[in-house]
Amino acid sequence: MKVLLVGGGGREHALAWKMAGSPRLGTLLAAPGNPGIARHARCVPIKDDAIEDLLDLARREGVDLTVVGPELPLSLGLADRFRAAGLPVLGPSASAARIESSKVFAKELMARHGVPTARFAVFRDVGRARAFCREIGAPLVVKADGLAGGKGVIVCQTLAEADRALSACLEERRFGPAGLTVVVEEFLRGEEASLFVLTDGRDAISLGVAQDHKTVYDGDQGPNTGGMGAYAPTPLLPSAAADEVMAAVVRPVLSAMAAEGAPYAGILFVGLMLTDGGPRVIEFNCRFGDPEAQALLPLLDEDCLALFEATASGTGLPARLRWAPAVSVCVVMASAGYPGGHGRGRAIDGVEAAEGLPGVRVFQAGTALREGRLVTAGGRVLGVQATGADLAGAIAAAYAGVDRIRFEGAHYRRDIGRRAQVRVGRG
Ligand code: AMP
Ligand code: GLY
């Protein structure tokens, strides 16, 4: 088969690597790809949001399947355009992608169908929003309705912070139209976990559970990032509990979306808070997680292309997937300044040395080639992944990989996976 992969980050490198292992793969194209993806694919310099250019490419190349990594092209209607042109695609329609691109849509859907989530209300008016904040009390969370580049969720420890967040969205219009409607919701306490689901709109199977590490510094300190590292599986949500989430959250949401005329097909990301009262949905995303995909895909003991093709064409999914009985850890190495502004063009050394270690893979995210040399080109630069027989072994191997790699200003968390170790240790 000829496959087009849309995107160019670490998640897409992991997808490219995994698809390259499929006996079904003939040619892999990637747009725009990156130097890591280029080991498995022919990269074409088309941006992930240039839908018409991507459609031209897929037609011209006679692509059999398009796999979409990021949310932006899906929310812009890539899957609709491709399907209308008779081209199979793994990813939801723009209408179904509202589960990520509109927090109001997602919250109201959950409320209508009794899906456990934080108590909330929706506002366009600052005065009413402030009154609701006083009703629920701080801490609380203010969320811009639309896509805001991962910055639209503001956790407020005090009512004064909540007032500032509401002004930023509704009065200063800091997030543009995406922030003119806000969700205000109660703050949930607990550990977070990311559950992934593969669905053709009818059948749905778990694609595994991982735990991400959102903040930039060790011990969950500092500002939120796209994710600084992940491990899988996580003892925080064992498979029986994940099955319960499939029954209480995923199936009702998928049936509701089908019934409401926006059937969801593709990969669904369920962001959960594991509270004392049970799992609650924090958010849905219409795609795989980054870096969760880099942690999960090396454990998946299946031909992922066969699964993606079956999902895209609706020919039925297996009841369960096979997984390697191992643990996987992915540590993200980031550029100086990330998650704020960051430099680029710093020479990267040691990737091959890291990849020479047993069980270690390096997924490239923000990298580029300059005069034949691998250099930094983004905030999150590399994901150093290792598979081990147990968590301690996987952590040790991933950090042995990290130790081999150098670039100026590199920073990373030193505690990826440690919380699960503490939990397991406590029994
Ligand atoms: P999101 O951009 O929706 O992924 O949210 C970013 C992060 O904000 C989440 O990963 C949580 O850490 C935090 N968050 C969002 N909603 C809540 C909530 N209701 N209670 C506590 N933390 C939250
Ligand atoms: N790692 C979280 C995300 O992909 O949104």
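Residues numbered from 1 in each chain as written. Chains lettered and ligands numbered in written order. Predicted model: local features only at pLDDT ≥ 70, side-chain atom pairs only at ≥ 80, totals over all residues. Heavy atoms only, no water.

J.: What exactly am I supposed to notice about the pairing of strand β10 (residues 191-199) here?
T.: A regular strand places its side chains on the two faces of the sheet in alternate fashion. With eight of its nine residues buried, β10 lies for the most part within the structure. The pairing of β10 with strand β15 (residues 266-275) spans nine bridges and is classified as antiparallel. Of the residues in β15, the one forming a bridge with Glu192 is Met273. Of the strand pairs in this sheet, β10 and strand β11 (residues 204-212) are connected by six bridges, and their pairing is antiparallel. Bridge pairing in β11 links Phe196 to Gly208. Between β10 and β11, which pair antiparallel in sequence order, lie four residues; one of them, Gly201, sits at a positive phi of approximately 100°. (Buried < 20%, exposed > 50% of the residue type's maximum accessible area, 1.4 Å probe, protein only. Helix = DSSP H or I, 4+ residues; strand = E, 2+ residues; numbered from the N terminus. Pairing = 2+ DSSP bridges.)

J.: Looking at this model, I keep getting lost on the sheet that holds strand β9 (residues 182-186). Mind explaining?
T.: Strand-to-strand pairing in sheets goes through backbone hydrogen bonds, with the strands running parallel or antiparallel. Taken together, four strands build an open sheet; the order of strands is β6-β9-β7-β8 and the sheet is antiparallel. Of all the strands in the sheet, just β6 (120-123) and β8 (153-156) have a single pairing partner and so form its edges. The mean inter-strand angle of the sheet, taken between neighbouring strand axes irrespective of direction, is 20°. Bridge count between β6 and β9: four bridges; the pairing is antiparallel. In the sheet register, Phe120 faces β9, and the bridge partner there is Glu185. Seen against the sheet, helix α6 (residues 103-112) touches β6, β7 (140-144), β8 and β9 and runs at an angle of roughly 140° to β6. (Axes fitted to C-alpha atoms, helices over the stretch in contact; angles between N-to-C directions. Contact = heavy atoms within 4.5 Å.)

J.: What is the right way to read the packing of aromatic side chains from this model?
T.: One pair of aromatic rings is described through two measures. These are the centre distance and the angle between the planes. Applying the stated criterion to the full structure yields five aromatic pairs. Relative to Tyr412, the ring of Tyr399 lies with its centre 6.3 Å away and its plane at 45°, an arrangement referred to as tilted. One end of the pair, Tyr399, is in helix α13 (residues 391-404); the other, Tyr412, is in the loop between α13 and α14 (418-426), with 13 residues separating them in the sequence. The exposure classification of Tyr399 matches that of Tyr412, with both residues buried. Ring pairing ties together the aromatic residues Phe196, Phe269 and Phe288, which thus form one cluster. (Phe/Tyr/Trp six-rings, centres within 6.5 Å; stacked < 30°, edge-to-face > 60°.)

J.: Help me understand the site of ligand 2 in this model?
T.: Near ligand 2, the surroundings consist of Asp212, Lys214, Gly226, Phe269, Asn285, Arg287, Gly289, Asp290, Pro291 and Glu292. One of the side-chain nitrogen or oxygen atoms of Arg287 is found 2.9 Å away from an oxygen atom of ligand 2. Between a nitrogen atom of ligand 2 and a side-chain N or O atom of Glu292, the distance comes to 2.8 Å. By residue class, the composition of the shell around ligand 2 is two nonpolar, three polar and five charged. (Near = heavy atom within 4 Å. Polar contact = N/O pair within 3.5 Å; in protein donor to acceptor, adjacent residues only side chain to side chain. Nonpolar A, V, L, I, M, F, W, Y, C, P; charged D, E, K, R; others polar.)

J.: Could you clarify how one ought to interpret the sheet that holds strand β2 (residues 27-32) in this entry?
T.: Strands sit in the order β3-β2-β1-β4-β5 across an open sheet of five strands; the sheet is parallel. The open sheet has two free edges, formed respectively by β3 (42-43) and β5 (89-90), since each of these has just one partner strand. Strand direction decides the pairing type here: strand β1 (residues 2-7) and strand β4 (residues 65-68), joined by four bridges, are parallel. Counted as the bridge partner of Val3 is Leu65 from β4.

J.: Honestly, the site of ligand 1 in this entry has me stumped. Any pointers?
T.: Every one of the 14 residues lining ligand 1 counts as a neighbour, but Lys143, Glu185, Leu188, Glu192 and Glu283 are closest to it. Within the side chain of Lys103, one N or O atom sits 3.5 Å away from an oxygen atom of ligand 1. Taking Glu185, its side chain carries an N or O atom lying 2.6 Å from a nitrogen atom of ligand 1. Here ligand 1 has 480 Å² of accessible area as a free molecule, and 90% of this is covered by the chains. Elements with a minimum of two residues in the shell around ligand 1: β7, β9 and β16 (278-285). (Areas by Shrake-Rupley, 256 points an atom, 1.4 Å probe, with all protein chains shown as cover.)

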